[in-house]
Amino acid sequence: MAEAEAVQLKEEGNRHFQLQDYKAATKSYSQALKLTKDKALLATLYRNRAACGLKTESYVQAASDASRAIDINSSDIKALYRRCQALEHLGKLDQAFKDVQRCATLEPRNQNFQDTLRRLNTSIQEKLRVQFSTDSRVQKMFEILLDENSEADKLEKAANNLIVLGREEAGAEMIFQNNGVGLLLQLMDTKRPELVLAAVRTLSGLCSGHRARATVILHAVRIDRICGLMAVENEEMSLAVCNLLQAIIDSLSGEDKREHRGKDEALVLDTKKDLKQITSHLLDMLVSKKVSGQGRDQALNLLNKNVPRKDLAIHDNSRTIYVVDNGLRKILKVVGQVPDLPSCLPLTDNTRMLASILINKLYDDLRCDPERDHFRKICEEYITGKFDPQDMDKNVIAIQTVSGILQGPFDLGNQLLGLKGVMELMVALCGSEREVDQLVAVEALIHASTKLNRATFIITNGVSLLKEIYKTTRSEKIKIRTLVTADKTILYSVATTLVNCTNSYDVKEVIPELVQLAKFSKQHVPEEHPKDKKDFIDMRVKRLLKAGVTSALTCMVKADSAILTDQTKELLARVFLALCDNPKDRGTIVAQGGGKALIPLALEGTDVGKVKAAHALAKIAAVSNPDIAFPGERVYEVVRPLVSLLDTQRDGLQNYEALLGLTNLSGRSDKLRQKIFKERALPDIENYMFENHDQLRQAATECMCNMVVNKEVQERFLADGNDRLKLVVLLCGEDDDKVQNAAAGALAMLTAAHKKLCLKMTQVTTQWLEILQRLCLHDQLSVQHRGLVIAYNLLAADAELAKKLVESELLEILTVVGKQEPDEKKAAVVQTARECLIKCMDYGFIKPVS
């Protein structure tokens, strides 16, 4: 009953749509969606509702609905084209181009798709201004936002649409000219987080690349208010405000690299005062107790990015000098924060490290010895000013500051260690009864002990104290540090050493022309060390593997989370990836537990680390027996990291090896195929079947060949209104033998599983019979065998279809192949051809001859 009602509602929606009552049509389609589970009907309803979204200019909703239809059927041409239209209006032109490119691939003779491709590829920006009236959209949104009686969802929708408009130059200018800044300030006054967030993001768009607008917005909103918003606990808000400030800074400093012409250039002559004001407020944020840890981190990020020179060839380092004179003490205060003390500012796990990085960048940006001496004196005065025999907290902060500087500019840190009383105070704090004193002192000693003379001092004066602390303390962290296996120290150091041994760090591309130019100008050009060549690296990797490095890495991965930081995980992932480079070594890595160890690295850590670990998993999964490499239930945890590599942001090798890994996994069991399907990998696999790159297309088709055994995947092919089967049939006609082989395998299994697909195959393209005949005559026996299996499935499916095949040249092909003498290699081919002929005889279409 529900399904019948859903169909009626769909028809009702269609009538409303024809009458141009798009709101009523949307309502009918939405009601129908709640009543049906039929995938074909769901796809149609989402596709139709997307059309309504296009008509009502609800482009975000239109794109979302079209995407849902595409999730059900990735070859749904109507949904693809509607999403293309919606994305085009949203300014996401690259994505729109990809959608219409797929449409043109499926229907190359469709002139509309070709025209759209041409337009998007050449003059899309101009076409947008002609087809899409920015003025009316802005005016309409302003009316909603200014109306006090507007519904909350309409307000939010209008505000979000303003964000999109603000990113287009024409839209940004229209918002600005229509008192948009005043309106956005009103939105910020509402205190409603979603509207404030939308206002901030719109302001970012208005500021980007436009110096005059950025100046007006900075003065209208006020820097103190901007910093106040960035100081909040809400991470999303803090990041959005940080992006706004960065857009303002880029525009005022010219870092946006855009030309400022006409009125924009004439109106704003000097921005140094505004930039200095921004810097001053950011420095004030560092030491304010009202600022959240997130806000403090964002302030440090902005200072790190914008104060030091990006190119040391530029002589002007006045911004750094200003920060050193007016803010170095504030940065030192952040570096010296001790979380266990009551006076500690709100921090995150990254705050002190970000402050150390800033100190390092500022110190490196200084041009001469007098500037560096001035920097050092400020640090010395700050640290010695904290020494107080009567106040242990101040002493702890002084040593914590030294420890933080040692993690920044190391030579400066070592100079500070030479200050009278610093090393003695470290050792004395070890003897304190407070755990916080011991923890800070021991960590500082670890950083200090990297220099031989300091280590000698510690051995002479502090070893007995460290032993006593180890015996008496209940704190595992302090015990670890007293053994000089401090979290973030030994594991990180070992991992860094292994990265260097395997050369698995990121290497910048060397441009030969620039090297020659540098040599010509008598600049020093670092040369590659002879032992960094591939032969030496391979030899080192072999020796590491022989020494059992995989077992050591596996133990490191199992370390306590307090010790194993995300940065260390990334380094371990890099090492694993380097070790997995040679397919011959992957068995050794699996045997020593490397496959299991990689799974947590691929699921947790930095984004780069997760990608590296996932890539290493893909290399192992591509060539190893999954039951051995990932025993038990662990094999199911491998799927998600591999699927994450099926992304256009990943490189081609990562895409390719992920597809190989998924192909191997999908060939093991239906439970694994089900897991891959549930991770929503099917649309991505289908996307790569469209790729122009031969190896990617081949790998994706081979993966699909295994996936079609799964019943839910088969249902996707059975559903009406999609071109999945057409794509597979067309791939069978490709010139690439490997692609043909994989596609023919998929088609053979699909036609064997469902008679309906046999009939559907003859309807999806007029070339089906020609392609089938080519398969049955193929030079490669594996491709020929799969073609003959397809032919048998079609013959067995329907008598009328069988008659059509017999009346074609296929009968002659079957007869020639069937009459061959079957040797060991051709046995399967000849036997299948004979079974086809027997099926024809069963129908009475042909008769046996003596």
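Residues numbered from 1 in each chain as written. Predicted model: local features only at pLDDT ≥ 70, side-chain atom pairs only at ≥ 80, totals over all residues. Heavy atoms only, no water.

Within the protein, the secondary structure is distributed over 53 helices and zero strands. For the protein, buried positions account for 52% of its 850 residues. Total accessible area computed for the protein in this model is approximately 42,000 Å², and 50% of it derives from carbon and sulfur atoms. (Helix = DSSP H or I, 4+ residues; strand = E, 2+ residues; numbered from the N terminus. Buried < 20%, exposed > 50% of the residue type's maximum accessible area, 1.4 Å probe, protein only. Areas by Shrake-Rupley, 256 points an atom, 1.4 Å probe, with all protein chains shown as cover.)

Here we take up the confidence of the model for the protein. Per-residue pLDDT for the protein has a mean of 83; in total, 86% of the residues score no lower than 70. Throughout residues 257-269 the model reports pLDDT below 50, and contacts reaching past four residues in sequence, or to other chains, amount to 15 contacts. (pLDDT = per-residue confidence, 0-100. Contact = heavy atoms within 4.5 Å.)

Despite not being glycine, Glu57 has its phi angle at roughly 65 degrees, a positive value. Tracing the backbone shows Glu57 in the loop between helix 3 (39-55) and helix 4 (59-72). The exposure class of Glu57 is partly exposed, given its relative accessible area of 35%. The backbone of Arg222 sits at a positive phi, close to 80 degrees, despite the residue not being glycine. You can see Arg222 is positioned in the loop between helix 14 (211-221) and helix 15 (223-230).

With the rule as written, the count across this model stands at four aromatic pairs. Taking the centre distance of 5.2 Å and the plane angle of 65 degrees together, the rings of Phe17 and Tyr22 count as edge-to-face. Given a relative accessible area of 23%, Phe17 falls into the partly exposed group. Ring centres 5.3 Å apart and planes at 65 degrees place the aromatic pair Tyr363 and Phe375 in the edge-to-face group. Taken together, the residues span a long stretch of sequence, with Tyr363 in helix 21 (residues 351-364) and Phe375 in helix 22 (residues 369-384) at a distance of 12 residues. Here Tyr363 and Phe375 have matching classes, each one buried. (Phe/Tyr/Trp six-rings, centres within 6.5 Å; stacked < 30°, edge-to-face > 60°.)

Moving on: empty space enclosed by the protein. Evaluated as defined, the whole model comprises two cavities of 30 Å³ or more. The computed volume of the largest cavity comes to approximately 90 Å³. Residue lining of the largest cavity: Ile249, Leu275, Ile278, Thr279, Leu282, Leu302, Leu303, Asn306, Val307 and Arg319, and that is the complete set. Breaking the lining of the largest cavity down by element, the ones donating at least two residues are helix 18 (272-286) and helix 19 (293-306). By volume, the second largest cavity is sized at about 30 Å³. Lining the second largest cavity are Glu686, Met689, Met704, Phe717, Arg724, Leu727 and Val728. Elements represented by at least two residues in the lining of the second largest cavity include exactly helix 43 (682-689) and helix 46 (724-732). With three residues, helix 46 is the largest single contributor of residues to the lining of the second largest cavity. (1 Å grid on protein atoms, 1.4 Å probe; cavity = no way out; pocket = protein on both sides within 12 Å on 5 of 7 lines; lining within 4 Å. Points joined across faces, edges and corners; volume = space filled by probe spheres on them.)

The subject of this paragraph is helix 16 (residues 235-253). Across its 19 residues, helix 16 extends 27 Å between first and last C-alpha, which sits within 8% of the 27 Å expected from 1.5 Å per residue. The N-terminus of helix 16 is capped by Asn234, whose side-chain oxygen sits 2.9 Å from the backbone nitrogen of Glu236. A positive backbone phi angle near 80 degrees is found at Gly254, which sits one or two residues after helix 16. (Expected span 1.5 Å × (residues − 1). Polar contact = N/O pair within 3.5 Å; in protein donor to acceptor, adjacent residues only side chain to side chain.)

Across all of its chains, the model carries 34 salt bridges by this definition. Note that Arg119 and Glu88 form a salt bridge whose closest N and O atoms lie 3.1 Å from each other. Of this pair, Arg119 sits in helix 7 (residues 111-122) while Glu88 sits in helix 5 (residues 77-89), and the two are 31 residues apart along the sequence. On the basis of relative accessible area, Glu88 is assigned to the buried category, the value being 4%. Here the salt bridges do not stand alone but share partners, grouping Asp373, Arg376 and Glu380 into one network. (Salt bridge = Lys/Arg side-chain N within 4 Å of Asp/Glu carboxyl O.)

Positive charge collects at one region of the surface, where Lys23, Lys140, Lys154 and Lys157 lie side by side. Among the structural elements, Lys140 can be located in helix 9 (residues 134-146). Judged by relative accessible area, Lys140 falls into the partly exposed class, the value being 48%. (Patch = residues over 30% accessible without salt bridge, like charges linked within 9 Å, V, L, I, M, F, W, Y side chains within 5 Å. Lys, Arg positive; Asp, Glu negative; His and termini not counted. Charge placed at Lys NZ, Arg CZ, Asp CG, Glu CD.)

Below, the discussion takes up the side chain of Arg309. Mapped onto the fold, Arg309 is located in the loop between helix 19 and helix 20 (318-335). Residue class for Arg309 comes out buried when judged on its relative accessible area of 14%. Here the side chain of Arg309 touches Asp365 through a polar contact of 2.8 Å, side chain to side chain.

This next bit is on the packing of helix 46 against helix 48 (residues 755-764). Axis angle and axis distance: for two packed helices, these are the angle between their axes and the distance between the axes, and together they describe the pair. Contact geometry of helix 46 with helix 48 gives a least axis separation of 9 Å together with a crossing angle of 70 degrees. If you check the angle between helix 46 and helix 48, you find them roughly perpendicular. In contact with Leu725, Lys726 and Val729 of helix 46, helix 48 contributes Leu757, Lys760, Met761 and Val764. A per-class count over the contact of helix 46 with helix 48 returns five nonpolar, no polar and two charged. (Axes fitted to C-alpha atoms, helices over the stretch in contact; angles between N-to-C directions. Parallel < 35°, antiparallel > 145°, perpendicular 65-115°, else oblique. Nonpolar A, V, L, I, M, F, W, Y, C, P; charged D, E, K, R; others polar.)

With that settled, the discussion passes to the environment of Ser504. Mapped onto the elements, Ser504 comes out in the loop between helix 30 (490-502) and helix 31 (512-520). Look at Ser504 and you get buried, because its relative accessible area is 12%. Discounting residues that sit within four places of it in the chain, Ser504 has contacts with Val499, Arg574, Val575 and Ala578. A polar contact is formed between the side chain of Ser504 and the side chain of Thr502, at a distance of 2.9 Å.

As a further point, take the packing of helix 6 (residues 93-106) against helix 7. The interhelical angle for the contact between helix 6 and helix 7, taken along N-to-C directions, is 150 degrees, at an axis separation of 9 Å. Taken together, the axes of helix 6 and helix 7 are roughly antiparallel relative to one another. Between helix 6 and helix 7 the crossing geometry is left-handed. Of helix 7, the residues touching helix 6 (which contributes Ala96, Phe97, Val100, Gln101, Cys103 and Ala104) are Phe113, Gln114, Thr116, Leu117, Leu120 and Asn121. Residue composition of the contact of helix 6 with helix 7, grouped by class: eight nonpolar, four polar and no charged. (Left-handed = near helix turned anticlockwise from the far one by under 90°.)

Along the chain, Ala40 turns up in helix 3. According to the relative accessible area criterion, Ala40 is partly exposed, its value standing at 22%. Remark: the alpha-carbon pair of Ala40 and Ala69, spanning 29 residues in sequence, is separated by 9.1 Å.

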